[in-house]
Structures are given as structure tokens and as C-alpha cells.
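Structural characterization, general
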Amino acid sequence: MVGTISDVYLDLRNELRHHGVTSAPLEAKELLAFALEIPRAEFNERSGSYLFDEQLKRLEELKSRRLKGEPLAHIIGEWDFYSLTFILTPGVLIPRPDTETLVDAGLAFFSRRERGRILDLCCGSGCVGIALLKNLPDTISCVFADTSEEALAVTKENLVRHRLTFRGLPVAQNALEPCDQALGKFNLIVSNPPYIPTGDIPELDVSVKDYEPHEALDGGTDGLDFYRAIAVNFKDALTKNGMLAFECGMGQAPQVEEILRENGYEDIRILRDFTGVERVVTGVRTPPEKA
Ligand code: GLN
């Protein structure tokens, strides 16, 4: 096959579409730019150039990985979230656009505050806390907690990439266990914990169930294990008037709301994502801290 970047792009787009890839135009462009080692922004101005044989060979290999189900984000090793590009490995969840609602909730909370501390619990790639820090003043910092060593290493790389190492600290902390008191108090805890019911995991898309870490997806029998544990274990880690903000799965918001209510959180709110799904549940710890 000899052709210009533009010809190869059209063939690739059609082939991906034929294999049921939903965002074929976007994926074709990303794969091609990655195979050619050119920045995505230069794609259009180079569309009339021809490809070298090695570039075509590289593209064929990448394409066959994608067609077997490997997510594009794993192939290219990075992914965009909240208009920022994050480094990714197969050991962390790929950031979803739904999760931008969690960032919006955190930014709204800080619209009335100049300073404070955030905990990003079950941080994975660190995308939620980093998107918050990038959009908040330097007086606000974030602790990134996960049980996975790999997630903490990826978060650290992303903090370096976004020049935030002075405001972000990755720490090992299991969300199902009591919060290490040495971490101090937080004005805001954001968490996108694993929430898929264990029995639903085999039904997930191949690109998710065969390629993404189950430890970031499996929320126990009813999918709610992490909400119950965090609502109890991390309440004392919130300051007075501190807010806990959870992402949840489709249909789980009423149950998460109930968990927060049972545990004495107040001013509970549910926010919808850009598709209209109830995606984020927030609650405030209002009683004064114990002396
Ligand atoms: N939103 C992810 C999915 O549907 C799950 C993320 C999670 O469990 N926190 O695949």
C-alpha cells in the first residue's frame, strides 16, 4: 500500500469503523499520528506527505493490536482528560469523560475558598486531583492515595509532567481501611472508587474487562463496598464543613446518597454528567470536630 497520510487515514478509519470502533475518525487520527511520531496538531498540515515503509509496518502492528480489543489509550500510553494529557499504563483505569463531573464538583466547592487540602482517594493515574490542582490556586494542595504501587508511580509521573510535584503527594492508603491519621485533615475528599458489581465484570466490553485493572473496577457484590467503607473510615479525615464527593455508576446515586445520609453527612447533592446520568454524589460533614 502506497499512499499519502490522508489516504492511509481514510482506509484506517473505514477499517476501524467496520470493526465496530465507535469513534473511528478520532482513533484513526490518534493511531496514525502515534505511528508517524508526529504531534496530533501537525496531522492536517502533513496530510499530503507519503509514508515510509517502516511507518506503514508500525501502523499495521498498532492496528492489529487495536482490532484485537486493546484500548487506544494503552497503545499510545497517554490520554486526555479535562483538557490535560495524562501518562497511562495498563495498571491504571483510563480516565473517562464522565469523571469530569467529579472535577467540576470539586472546583465548585473551592470557588468560595482560597486555600485548603484535597484527598484524591483511589487516585489511579491521578487525573482527578491533577485536574483540580491545575484549575485552583497554588495555595491548594492534594494528597493522592491508592493501594496500587503502579498507580502511585503513574500519579507521580503525571505530577512531574504537569509541574505539580510541590503541591501533590502520592501515598499508599487502602480506601477500605481507616484513614492514616498522619495524613491530617482535608477540606475536600474526591473519590472515583471501583464500583462495578463483581458479577457484572464478565459482561463488560472486551477492551475494559480484558485490558483494564479489575482492582480499579470491582466494587464487591453490589458494587457499593467502597462507598460504605469510605463514608465511615474517612469522615474524621474531613474538616468541619469539609465535603466528600463520590463518582458512582449508572443507577447507584440513590444508594450512595442513602449511605451518606446514614452516616450523618448533610447537604447531600447529586450531579449529572454530560450525558444526563446521575454521576456524582456529594455530602458535607457539618458537626464540629471532636476536641
Ligand atoms: N466508569 C468505569 C466503567 O464503567 C468504572 C470506573 C469505576 O469502577 N470506578 O468502566
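To keep things clear, this report deals only with the structure shown in the data block. Along each chain, residues carry numbers from 1 onward, in the same order as the chain's sequence is written. Restriction of local features to residues with pLDDT of at least 70 applies here, the model being predicted, together with a cutoff of 80 or more for giving and counting side-chain atom pairs; totals for whole chains, interfaces and linings are based on all residues. Based on all heavy atoms of the structure, the side-chain values leave hydrogens and waters out of the count.

Points about the overall build of the protein
- Only DSSP runs of H or I covering at least 4 residues are called helices, and only runs of E covering at least 2 are called strands; the numbering of each starts at the N terminus. Each helix and strand counted, the protein has 10 helices and nine strands in total.
- What you see for the protein is a C-alpha radius of gyration of 21 Å, in line with the 19 Å of a compact globule of 291 residues.
- Oriented by its inertia axes, the alpha-carbon framework of the protein measures out at about 75 × 40 × 35 Å.
- Considering the protein as a whole, with its 291 residues, one finds that 52% of them fall into the buried category.
- Note on contacts: a residue pair is in contact if any heavy atoms of the two residues lie within 4.5 Å. Residue pairs in contact within the protein that sit at least 24 positions apart in sequence constitute 68% of those at least 6 positions apart.
- Taken as two groups, the 32 positive and 46 negative side-chain charges of the protein have centres that lie 5 Å from each other. Put simply, the radius of gyration uses C-alpha atoms, and a globule should come to 2.2 Å times the residue count raised to 0.38. The classification of residues rests on relative accessible area computed with a 1.4 Å probe and restricted to protein chains. Under 20% of the type maximum is buried, over 50% is exposed, and intermediate values are partly exposed. The sign given to each residue is positive for Lys and Arg and negative for Asp and Glu; His and the chain ends receive no count. Lys charges are placed at NZ, Arg charges at CZ, Asp charges at CG and Glu charges at CD.

Regarding the site of the ligand
- Near residues are defined by distance, with any heavy atom within 4 Å of the molecule or strand qualifying the residue. All residues adjacent to the ligand are Leu93, Arg96, Asn192, Pro193, Pro194, Tyr195, Ile196, Ala216 and Leu217.
- Contacts described as polar in this section are N or O atom pairs within 3.5 Å, which, within protein, must combine one atom able to donate a hydrogen with one able to accept it, while residues neighboring in sequence count only if both atoms come from side chains. With respect to the ligand, the side chain of Tyr195 contributes an N or O atom lying 3.0 Å from a nitrogen atom.
- Amino acids are sorted into nonpolar (Ala, Val, Leu, Ile, Met, Phe, Trp, Tyr, Cys and Pro), charged (Asp, Glu, Lys and Arg) and polar (every other residue, Gly among them). By residue class, the composition of the shell around the ligand is seven nonpolar, one polar and one charged.

Overview of the packing of helix H9 (residues 225–233) against helix H10 (residues 253–262)
- Note on geometry: axes are lines fitted to C-alpha atoms, helical ones only across the stretch in contact, with angles between N-to-C directions running from 0 to 180 degrees. Packing of H9 against H10 leaves a shortest axis separation of 10 Å and a crossing angle of 25°. When the axis of H9 is compared with that of H10, the two are roughly parallel. H9 and H10 meet at a crossing whose hand is right-handed. Seen from H9, the contacting residues are Tyr227, Arg228 and Ala231; seen from H10, they are Val256, Ile259 and Leu260.
- Considered class by class, the residues forming the contact of H9 with H10 number five nonpolar, no polar and one charged. For this classification, under 35 degrees means roughly parallel, over 145 means roughly antiparallel, 65 to 115 means roughly perpendicular, and everything else is oblique. A clockwise turn of the near helix away from the far one marks a right-handed crossing, whereas an anticlockwise turn of less than a right angle marks a left-handed crossing.

A closer look at the pattern of salt bridges
- Within this document, salt bridges are pairs made up of a side-chain nitrogen of Lys or Arg and a carboxyl oxygen of Asp or Glu, the two lying within 4 Å of each other. Counted under the stated rule, the structure contains 19 salt bridges.
- Residue Arg279 pairs with Asp98 through a salt bridge whose shortest N-O separation is 3.7 Å. With Arg279 in strand E9 (residues 278–285) and Asp98 in the loop between strand E2 (84–87) and helix H5 (100–110), this residue pair connects regions lying 181 residues apart in the sequence.
- Judged by relative accessible area, which is 7%, Arg279 ranks as buried.
- The salt bridge partner of Arg285 is Asp236, with a shortest N-O separation of 3.1 Å. Of this pair, Arg285 sits in strand E9 while Asp236 is found in the loop between H9 and strand E7 (238–247), placing the two residues 49 residues apart along the sequence.
- For Arg285, a relative accessible area of 6% puts it in the buried group.

What to know about the sheet that holds E9
- Strands sit in the order E5-E4-E3-E6-E7-E9-E8 across an open sheet of seven strands; the sheet is mixed. Strands with a single pairing partner mark the edges of an open sheet, and in this sheet they are strand E5 (168–172) and strand E8 (266–272). Mean inter-strand twist for the sheet, computed between neighbouring axes without regard to direction, equals 20°.
- Each pair of strands is called paired provided DSSP finds at least two bridges between the two strands. Alignment of strand E3 (residues 116–121) against strand E6 (residues 186–191), held across four bridges, turns out to be parallel. Residue pairing across strands places Asp120 opposite Val190, the latter belonging to E6.

As for the side chain of Arg285
- Here Lys235 takes part through its backbone oxygen, which lies 2.8 Å from a polar atom of the side chain of Arg285.
- Polar side-chain contacts of Arg285 include one of 3.1 Å to the side chain of Asp236.

Quick look at the nonpolar core
- Nine residue types can take part in a nonpolar core, namely buried Ala, Val, Leu, Ile, Met, Phe, Trp, Tyr and Cys, and a core is a set of them joined through side-chain atoms within 4.5 Å. Membership of the largest hydrophobic core comes to 34 residues, with the highest contact counts inside it found for Leu119, Leu121, Ile189, Tyr227, Ile230, Leu244 and Leu260.
- When residues of this core are traced back to their parent elements, those giving at least two are E3, strand E4 (140–146), E6, H9, E7 and H10.
- Not counting the four nearest positions on each side in its chain, Leu121 is found in contact with Ala145, Gln173, Ala175, Ile189, Val190, Ser191, Asn192, Ile230 and Phe234.
- Counting 31 residues, the second-largest nonpolar core is a separate cluster that includes Leu107, Leu188, Ala245 and Val284.

What about helix H3 (residues 53–67)?
- Over its 15 residues, H3 runs 21 Å from end to end, which matches the ideal 21 Å to within 8%, given 1.5 Å per residue.
- At the exit of H3 stands Gly69, carrying a positive phi of roughly 120°. Each residue after the first adds 1.5 Å to the expected span of a helix.

Thoughts on the side chain of Asn158
- Summarising the element assignment, Asn158 is placed in helix H7 (residues 149–161).
- What makes Asn158 buried here is its relative accessible area of 0%.
- Beyond its immediate chain neighbours, meaning those up to four positions away, Asn158 contacts Phe86, Ile87, Ser125 and Ile130.

In short, the description is geometric, and any link to function would need to be established separately.
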